[in-house]
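# Descriptive analysis of the structure
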Number of protein chains: 2
Amino acid sequence: MSSNVRIALDAMGGDNAPDIVIAGASIARKRHPYLNLSFIGETRKLKALIKKYKNLSDAKIIHADETVASDARPAQALRHGKKTSMWLAVNEVAMENADAIVSAGNTGALMAISKLQLRMISGVTRPAIAGFIPTLKGLCCMLDLGANIEVDEKNLVQFGIMGASFCSAITGKKRASVGILNVGEEDQKGFDYLRRAGTSLSNKTLNLNYVGFIEGSDIIKGNTDVIVTDGFTGNIALKTAEGTAKFFMYHLRQTFRSSIFSRIGFLLSRNAFMKMRRTIDPRYYNGAILLGLNGVCVKSHGGTDSVGFSNAIEVACDLVKHEFIPNVNESISAAEQVIQSKAD
Amino acid sequence: MSSNVRIALDAMGGDNAPDIVIAGASIARKRHPYLNLSFIGETRKLKALIKKYKNLSDAKIIHADETVASDARPAQALRHGKKTSMWLAVNEVAMENADAIVSAGNTGALMAISKLQLRMISGVTRPAIAGFIPTLKGLCCMLDLGANIEVDEKNLVQFGIMGASFCSAITGKKRASVGILNVGEEDQKGFDYLRRAGTSLSNKTLNLNYVGFIEGSDIIKGNTDVIVTDGFTGNIALKTAEGTAKFFMYHLRQTFRSSIFSRIGFLLSRNAFMKMRRTIDPRYYNGAILLGLNGVCVKSHGGTDSVGFSNAIEVACDLVKHEFIPNVNESISAAEQVIQSKAD
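Parameters and conventions
Residues numbered from 1 in each chain as written. Chains lettered and ligands numbered in written order. Predicted model: local features only at pLDDT ≥ 70, side-chain atom pairs only at ≥ 80, totals over all residues. Domains from an automatic or database assignment. Contact = placed C-beta atoms within 7 Å. Helix = DSSP H or I, 4+ residues; strand = E, 2+ residues; numbered from the N terminus. Nonpolar A, V, L, I, M, F, W, Y, C, P; charged D, E, K, R; others polar. Pairing = 2+ DSSP bridges. Axes fitted to C-alpha atoms, helices over the stretch in contact; angles between N-to-C directions. Least-squares fit on C-alpha atoms with pLDDT ≥ 70 in both. Expected span 1.5 Å × (residues − 1). Buried ≥ 20, exposed ≤ 12 C-beta atoms within 10 Å, placed from the backbone.

### Quick notes on the domain arrangement of chain A
Residue and element names in this part refer to chain A. You can read the domains of chain A as domain 1 (1–124 + 292–322) and domain 2 (132–284). Computed from C-alpha atoms alone, the centre-to-centre distance between domain 1 and domain 2 is 26 Å. Each partner contributes to the interface: domain 1 provides 12 residues, whereas domain 2 provides 7 residues. When residues of the side of domain 1 that touches domain 2 are assigned to their parent elements, the largest contribution, 6 residues, is made by helix α10 (residues 306–321). Across the side of domain 1 that touches domain 2, the residue classes tally to 5 nonpolar, 5 polar and 2 charged.

### Let's talk about unusual backbone geometry
A cis amide bond links L143 of chain A with the next residue in sequence, D144 of chain A, at an omega value of 0°. The peptide bond linking A17 of chain B to P18 of chain B adopts the cis configuration, its omega dihedral lying at -5°. Although it is not a glycine, R119 of chain A adopts a positive phi angle of roughly 60°. For R119 of chain A, the location among the structural elements is in the loop between α5 (107–118) and β5 (128–135).

### What to know about the sheet that holds strand β1 (residues 5–10) of chain A
Residues and elements named next belong to chain A. Ordered in space as β3-β2-β1-β4-β11-β10-β5-β6-β9-β7-β8, the 11 strands form an open sheet in which the pairing is mixed. Looking along the sheet, the strands with just one partner apiece sit at the ends: β3 (60–63) and β8 (209–214). The mean angle between the axes of side-by-side strands here comes to 25°, regardless of whether they run parallel or antiparallel. Bridge count for strand β2 (residues 35–41) against β3 is 4 bridges, and the pairing is parallel. Bridge pairing in β3 places S38 opposite K60.

### With respect to the relation of the copies chain B and chain A
At an RMSD of 0.0 Å, chain B and chain A line up after a rotation of 180° and a shift of 0.0 Å along the axis. Each copy turns onto its partner about a two-fold axis. Rotation axis and chain B: the residue whose C-alpha lies nearest the axis is G265 of chain B, separated from it by 1.9 Å. Of the interface residues in chain B, 100% have counterparts in chain A that sit at the interface too, so the contact is made through matching surfaces.

### Re helix α8 (residues 231–257) of chain B
Over its 27 residues, α8 of chain B extends 39 Å from the first C-alpha to the last, a length consistent with the 39 Å expected when each residue adds 1.5 Å. Most of α8 of chain B sits out of view: 20 of its 27 residues are buried.

This is the structure we're talking about:
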């Protein structure tokens, strides 16, 4: 399988497209020469850019006249978007010309277009956006990051199952631990549907490593591999963490600039700081998956650069290599049977 | 009024009580000699501790045999807690022997006991926990931080009105700006009740400085003085920010320890780092108010130290000095009239 992973790239999606898409693809190809890439977008622009990268000379270009606007509503993209680069890139996966699609474009539109073309995994009622954040002990997978502002017990259970598969495919960890985000660790805290989801996730027949409720302050400790929540809370938690990280970086810069001594101090500590920066650099965690779709669809941050986009391509590549879609289909189907047999 | 602010302290509440309560009171008294303090707790323990601080020699002690356990449920504290230091401290405000109460004890119990004894401000349907966090432009007041896991439109509007009064009393800022936490700034994002609350908050007759929806990543920018949300999201956002801050401090320490050069670098930058640490030190933001009660009730973090506890006492003191309770009663009553006249 790894000899030929075929990835369709929405070359026109995101704030800095198509430049960073092409440059990011070149970086990814350097690391994974077996990648078979196709760029979907304005042929003339793409040809001119691709010329600059020797290792992309064999890449395929599929022409698209239009681009989904960053502020387009999902319904609008569905109705009028059939000629857009995003639509045609997803179509490559639907037509089995590609194994995965990566886009840095409008998230709502990508979800709507992919749901229509790739359809959902059988039994999954709601898709979710899942991504990784750095913790003190490595990576933590969080979902939903914004696909559904409201969820129910069954959605959360499915998020747990799919999140564990996703985490294992990317980190290589077997039996990833799963927790539910809540306002306290105690059983009586939070909403009833969280308690019911907890009971289901700890059902032994599901064979999950469920660890209970997780508080906001515990996310970063890294004791839990997969944290599930509704898309409203998940989106706000993720963005609050991003905001706090920027706040720190700002203060750090100000601190080092504040006197001649601290400037010299920075020069002496520079190497160590570069390492720290690498650990917390959001570009290295770029690439969220639209989970629940019957195909690999990876969403890159819209404002990322070529390094960040190359990371999103690698996420897609890892998922294809680890046969993520067949695996997650199997897990969901097994869980459905458990739930069904309980109901009978 | 400032010649004599009377504050009742639950001397037994919190992880490090009564030591840090007494030590914190001494710090606060140094800054505000006009504070009239009473300690509620085990007389023998308190007397022995108070002896150590000359500036507390005139403090009053009110004996309490019992302490509310940190894991007690609110209903349990209400039914069996009448002899606890928390109950008797709140009672001092209810009996008008004190102008405010400060406790580092169990939050749920403090809310339940205070609701019963101090009652709610007329017209307020739900109380909220409101606290301050540091931002790039100063302090930001966030509420609800965990009193209600669900809220409705009316609750959010009242949180906005009360939060603006609270913020003005503490920061001195007139016409504090108010925003609603949401998953996007655009009008169509999030829940319907958020949109309805936004429409009400922007009603000119309420005379508020409403600025619209705020994303998680924008909290820390400091462009909005007061951010309202439900207690589930608020609690998770606050704790996620706290966790991220700890993550950074950990990496910073590791970075400076990683080589002899970075150790020397730290020594050279030390003064600047001490300043940065002061800016982000949670002790200086300690002291959340239980908003909506008809009396000043300040909750200190349970794990804080004497410096943190002294800050919570200062929050209580500022609110009394600025006649917060009469002011917020007036604002809520005016808002009720607006809503009533709309309904007629």
